[in-house]
Number of protein chains: 2
Amino acid sequence: MRTKHFVMADTGWPRCANSLKGVILDLCGVLYDSGEGDGVAIPGSIEAVKKLKASDLKLRFCTNETQATREKFVGKLQRLGFDISVNEVFPPAPAAISILRERGLRPHLLVYDGLLPEFDGVDKTDPNCVLIGDAAERFSYQNLNEAFRVLIGLEKPVLFSLGQGRYYKETDGLKLDVGVYMKALEYACDVKAEVIGKPSPTFFQSVLNDMGLQPHEALMIGDDLVNDVGGAQHCGMKGVQVRTGKYRPSDERHPTVTADGTVDNLAQAVDMILSQRRH
Amino acid sequence: MRTKHFVMADTGWPRCANSLKGVILDLCGVLYDSGEGDGVAIPGSIEAVKKLKASDLKLRFCTNETQATREKFVGKLQRLGFDISVNEVFPPAPAAISILRERGLRPHLLVYDGLLPEFDGVDKTDPNCVLIGDAAERFSYQNLNEAFRVLIGLEKPVLFSLGQGRYYKETDGLKLDVGVYMKALEYACDVKAEVIGKPSPTFFQSVLNDMGLQPHEALMIGDDLVNDVGGAQHCGMKGVQVRTGKYRPSDERHPTVTADGTVDNLAQAVDMILSQRRH
């Protein structure tokens, strides 16, 4: 059984391309590596996005990126050479703002400076919850302690985390992601955070709703085995991992998540999908 | 049963004082509150230590303090007015150095500047493990990321943590403790840290060995319900919590740890013990 499963996962996945109606792509680590300035496009990925757009497949971009407003973030992708527009991109911050409004919550924010304008219209006085994103260098001892003091001072601490990633890759190496600081605050206050973004099923479903597709009609391609691939599979979608970005060889021996396919990069994944659909 | 247990815990504890041969005291939050400069002695605690020293009980101090060398730390306590000498105080760093030597490990250190001299004689080249203490402001994003990169680069990551506290109290408020950053690195690298210090049974046992006592002959007094009281109880000692330092009223309703007694402060605990022994 194990051998058969492995064979299916490793070489059988492009067959599902025949029944696909849409593809969802992660951004960082799949289209580009972040780093100094705008970062760098991963070879072949600009062309791969063009090919998908020229096909009959629907295409959306689902990211846990929380270092910039959606407009600035998409501007960066366009400068890198990608044909992407704002309404095709789904980051966690707009989803978080909806949840805060619905539940009448006023956040203490610990997020990257560049993301703050997204929260301009949100009441932040007398905070009754804490919301953290990938704050990177802003995750100083002082700032984390301040967020902790707000949480521990609440009768019922509420902590939101924009994603739960462990780390990501920049051009100069691996960087700690928001999930690490989520775990830190969870332990400090003995609470469980509510994750907004991948792998939350609600978050994937909002993208599928926008595409007008059922889960089995869509494929997620990402570099994060647990949050991209596992999250998508948990929703009933197929999930393929690329060997770029934060990919590590040990991902292919992960104890609980097995990708439907593993490919060298996005260009290879797209060529396999489109070639399969031509048969 | 619950009522009976509560009564025993709350008012019955001083009776165990008759069979005691020694007392172990936590320091921060029991003898003093840390903060600017040397911090401040908790009212009555200087006199309480004097009374214990004048009694026939053996006395040791067991701390997860890792911000200074043992000599500097004891110097601070003496300036605050406490009659304490270096060989009575047990912090985690000397225990850690023994373990590193035994196992041939070379640490990457993420500790408070003041603790570094303790590790002067330890080989730190080409590190094959990471050791963290309460680094406070040195827990910057950059420093935590550096420790993470060392760990994730090891074939088998080994992480030591000097204590696992959630937070402690300084004169200007609650501060995040080392355990929070231990959990952060555990999650980032999918490893389990080895804790050196309270509540590690090995650590408590080393203090008992120095006193020449069996666990049932000793009482631990601390402000940390889980690490002081629970840790001591786990070793077979009695554990009493003071309502100073990081004590919070919810500690008295903790789901898994119930102190053998809860007292307003060290002075009250010592008076109860000595008064019981005179009967």
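Residues numbered from 1 in each chain as written. Chains lettered and ligands numbered in written order. Predicted model: local features only at pLDDT ≥ 70, side-chain atom pairs only at ≥ 80, totals over all residues. Heavy atoms only, no water.

Caption draft 1: Layout of unusual backbone geometry. Residue and element names in this part refer to chain A. Residue Pro199 is bonded to the preceding Lys198 through a cis peptide linkage, with omega at 5°. Within the secondary structure, Pro199 is located in the loop between strand E11 (194-196) and helix H7 (201-211). You will see that Asp190, though not glycine, has its phi angle at about 55°, which is positive. By relative accessible area, which is 64% here, Asp190 ends up exposed. (Helix = DSSP H or I, 4+ residues; strand = E, 2+ residues; numbered from the N terminus. Buried < 20%, exposed > 50% of the residue type's maximum accessible area, 1.4 Å probe, protein only.)

Caption draft 2: Quick look at the environment of Lys198(A). All names here are of chain A. Along the chain, Lys198 falls in the loop between E11 and H7. C-alpha of Lys198 to C-alpha of Cys62: the two residues are 136 residues apart in sequence and 8.1 Å apart in space. When sequence neighbours within four positions are dropped, the list of residues in contact with Lys198 reads Asp26, Cys62, Thr63, Asn64, Gly163, Gln164, Phe203, Phe204, Met220, Asn227 and Asp228. Within the structure, the side chain of Lys198 is placed 2.9 Å from the backbone oxygen of Cys62, a separation counted as a polar contact. (Contact = heavy atoms within 4.5 Å. Polar contact = N/O pair within 3.5 Å; in protein donor to acceptor, adjacent residues only side chain to side chain.)

Caption draft 3: Highlighting the side chain of Asp251(B). Residue and element names in this part refer to chain B. Secondary-structure assignment places Asp251 in the loop between strand E13 (238-242) and strand E14 (261-263). No salt bridge is formed by the buried Asp251; its nearest oppositely charged neighbour, Arg248, is found at 6.6 Å. A distance of 2.8 Å separates a polar atom in the side chain of Asp251 from a polar atom in the side chain of Gln241. With sequence-adjacent residues up to four places away left out, Asp251 is seen in contact with Leu225, Gln241 and Lys246. (Lys, Arg positive; Asp, Glu negative; His and termini not counted. Salt bridge = Lys/Arg side-chain N within 4 Å of Asp/Glu carboxyl O.)

Caption draft 4: Here's a closer look at helix H3 (residues 70-80) of chain A. All names here are of chain A. Those residues of H3 that sit buried are Phe73, Val74, Gly75, Lys76, Leu77 and Leu80. Looking at the buried residues of H3, the elements they touch are strand E2 (32-33), strand E3 (40-41), helix H2 (45-54) and strand E5 (89-90). Just past H3, the residue Gly81 takes up positive phi, approximately 110°.

Caption draft 5: Broad picture of the relation of the copies chain A and chain B. Relative to chain B, chain A is turned by 180° and slid 0.0 Å along the rotation axis, the superposed coordinates differing by an RMSD of 0.0 Å. Such a combination of rotation and displacement between the chain copies is what one expects of a two-fold axis. A high fraction, 100%, of the interface residues of chain A reappear at the interface in chain B, so the copies pair face to face through one surface. (Least-squares fit on C-alpha atoms with pLDDT ≥ 70 in both.)

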